[in-house]
Amino acid sequence: MHLLLNQKTLYPAGYNRVLGFRKSAGALLKEIKRRSSLPLITKAADAPRLLTGDALAAFESDIQASLFYETVRSHKTGTPFVHEYTKKLVLL
């Protein structure tokens, strides 16, 4: 994806992002959020409010790659495009 999007800057991990979790692990997720030294992103739309500097730049780079992938996936499968900011957590 970096090559396709001409992204030449690699950013250090400045955040953690939760894509999904088990409902029974809610207490664990809260504990991780409380103890982590990095911001924990559970909703992509909240990232600009929680991140700054390189962490925000890294997140925006990840979003750009995800949107490109989603565009191709949507076109190939004929399924609706879902913007990264509107995707919900996967709950098991």
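Relevant structure appears above.
Definitions and cut-offs
Residue positions are given per chain, counting from 1 as you read along its sequence in written order. Given that the model is predicted, a residue must reach a pLDDT of at least 70 before its local features are reported, and side-chain atom pairs must reach 80 or more before they are shown or counted; all residues, however, enter totals for whole chains, interfaces and linings. By convention in this description, side-chain values take in all heavy atoms of the structure and omit both hydrogens and water. Secondary structure elements are defined from DSSP: runs of H or I of at least 4 residues count as helices, runs of E of at least 2 residues count as strands, and each element is numbered from the N terminus. Residue burial is assigned from relative accessible area. The probe radius is 1.4 Å, only protein chains are included, and a residue is buried under 20% of its type maximum, exposed over 50%, and partly exposed in between. Contact criterion: two residues are considered in contact whenever any of their non-hydrogen atoms come within 4.5 Å of each other. Working convention for charge: Lys and Arg count positive, Asp and Glu count negative, and His plus the chain ends are omitted. Just so you know, the charge point we use is NZ for Lys, CZ for Arg, CG for Asp and CD for Glu. Here the expected length of a helix is defined as 1.5 Å per residue gap, with one fewer gap than residues. Residue types Ala, Val, Leu, Ile, Met, Phe, Trp, Tyr and Cys, when buried and joined through side-chain atoms within 4.5 Å, form a set referred to as a nonpolar core. Classification of ring pairs uses Phe, Tyr and Trp, with its six-membered ring standing for Trp, and accepts pairs whose centres are within 6.5 Å; under 30 degrees between planes counts as stacked, over 60 as edge-to-face, and the remaining range as tilted.

S.K.: Would you explain the overall build of the protein in this entry?
M.R.: When you go through the protein residue by residue, the secondary structure sums to three helices and four strands. Counting helices and strands in the order they occur from the N terminus, the protein gives β-β-α-β-α-α-β. Expressed as lengths along the three principal axes of its C-alpha atoms, the size of the protein is roughly 40 × 30 × 20 Å. Out of the 92 residues belonging to the protein, those deemed buried represent 25%. The long-range share in the protein, meaning contacts at least 24 apart out of those at least 6 apart in sequence, stands at 57%. Both charge centroids of the protein, one from 14 positive and one from 7 negative side chains, sit 8 Å from each other.

S.K.: Sorry, what's going on with helix 3 (residues 53–77) here?
M.R.: One turn of the α-helix equals 3.6 residues, which is why residues spaced by three or four share an orientation. The end-to-end C-alpha distance of helix 3, which contains 25 residues, comes to 36 Å, matching closely the 36 Å that a straight helix rising 1.5 Å per residue would cover. Along helix 3, the residues classified as buried are Ala 55, Leu 56, Ala 58, Phe 59, Ser 61, Ile 63, Ala 65, Ser 66, Glu 70 and Ser 74. Packing partners of the buried residues in helix 3 comprise strand 1 (16–17), strand 3 (40–41) and helix 2 (47–50). Directly after helix 3, the chain includes Gly 78, whose backbone phi takes a positive value near 75°.

S.K.: Just to check I follow, could you spell out the nonpolar core for this structure?
M.R.: Across soluble globular proteins, you tend to see nonpolar side chains buried next to one another. Counting residues in hydrophobic clusters, the biggest one holds ten residues: Tyr 15, Ile 41, Ala 44, Ala 47, Leu 51, Ala 55, Leu 56, Ala 58, Phe 59 and Ile 63. Sort the elements by how many residues they give to this core and helix 3 lands first, with five residues. When neighbours within four sequence positions are excluded, Ile 63 is seen to be in contact with Arg 17, Glu 84 and Tyr 85.

S.K.: Would you explain the packing of aromatic side chains in this entry?
M.R.: Two aromatic rings, taken as a pair, are described by how far apart their centres are and by the angle between their planes. Inspection of the entire model under this criterion finds one aromatic pair. Ring geometry for Tyr 15 versus Phe 59: centroids 5.4 Å apart, planes at 75°, classification edge-to-face. Taken as a pair, Tyr 15 in the segment before strand 1 and Phe 59 in helix 3 lie far apart in primary sequence, 44 residues in all. On the basis of relative accessible area, Phe 59 is assigned to the buried category, the value being 1%.

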